[in-house]
Amino acid sequence: MSGPVKRQYDSSRRREQAEENRRRILDAAHALFVTRGYGRTTIADVAAEAGVAPETVYSAFKNKPALLHRAWDVAVGGDDQDVPLLERPELRAVFAEPDLRTRFAAFAVFNTAVMRRTALLHLAVRGAAASEPAAAAMLEEIDRQRLAAMAEHARAAAETGRLGVSEAECRDVLWSTTDGTLWHQFVERREWSDERYAAWLGRLWGSVLVG
């Protein structure tokens, strides 16, 4: 009995260690991409920051573009679970709100939390896009996915009968105000609190989009 139990324990411990290494690597990559820039960050830098060997980073993520992609996904969702943002319970609760003005206010709160996790990384990717093909491809994918998500919000808003603009205009307004730029300007540069920013954004969407 001792042999199989020991092998089971060793296997479980290895999985836990691998998951811990992944978390440390992703945290390190996010921090370095934001502070140093994607182009100036190497796999060796990430490994040193995470306290692992470079081979561990390559084994877990293959290359730097794949590491950037995963770091972005984790930042958006707030965890390492492979659950699309639109399918997460917090956002489904937003969609379930019948009053459109209240729904936009709730979505502003949700989006502000996402911006807290992603805005600086988004700005770093945008800054690297001109010289780094991987960053340019990542930026294009980010914008494409966000446009598709905002189209879902606009479609659902139109179904309430309370939308005061076209579905396409609603989509474009939401898309243009959720890329992190506004959050960065108000919160990081003008020192608004997240709560103040979310309340303002909700009022903005309500006044512009609700009929």
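The structure we're discussing is the one just above.
Predicted model only: the values in this text are computed from it and were never measured. (Residues numbered from 1 in each chain as written. Predicted model: local features only at pLDDT ≥ 70, side-chain atom pairs only at ≥ 80, totals over all residues. Heavy atoms only, no water.)

### What to know about unusual backbone geometry
Here's step 1: For K62, which is not glycine, the phi dihedral falls at a positive 70°.
Here's step 2: Its place among the elements puts K62 in the loop between α3 (54-61) and α4 (64-77).
Here's step 3: Relative accessible area serves as the criterion here: at 60%, K62 is assigned to the exposed category.
Here's step 4: With phi around 65°, E191 is a residue other than glycine that occupies positive phi space. (Helix = DSSP H or I, 4+ residues; strand = E, 2+ residues; numbered from the N terminus. Buried < 20%, exposed > 50% of the residue type's maximum accessible area, 1.4 Å probe, protein only.)

### Some words on the pattern of salt bridges
A side chain with one charge can pair with a side chain of the opposite charge if their charged atoms come near.
Here's step 1: Enumeration according to the criterion identifies 15 salt bridges in this entry.
Here's step 2: Two residues, D172 and R171, come together in a salt bridge whose shortest N-O distance is 2.8 Å.
Here's step 3: For D172, a relative accessible area of 34% puts it in the partly exposed group.
Here's step 4: A network of salt bridges, in which partner residues are shared, links R22, R70, D73, D80 and D82. (Salt bridge = Lys/Arg side-chain N within 4 Å of Asp/Glu carboxyl O.)

### A short note on the packing of helix α6 (residues 100-128) against helix α10 (residues 194-209)
Here's step 1: Close contact between α6 and α10 brings their axes to 8 Å; oriented N to C, the two are set at 140°. As the angle between them shows, α6 and α10 are arranged oblique. Crossing of α6 over α10 shows right-handed handedness. On α10, the residues touching R101, F104, A105, F107, A108, V109, N111, T112 and R116 of α6 are D194, Y197, A198, L201, G202, W205, G206, S207 and L209.
Here's step 2: Taken together, the residues of the contact of α6 with α10 break down into ten nonpolar, five polar and three charged. (Axes fitted to C-alpha atoms, helices over the stretch in contact; angles between N-to-C directions. Parallel < 35°, antiparallel > 145°, perpendicular 65-115°, else oblique. Left-handed = near helix turned anticlockwise from the far one by under 90°. Contact = heavy atoms within 4.5 Å. Nonpolar A, V, L, I, M, F, W, Y, C, P; charged D, E, K, R; others polar.)

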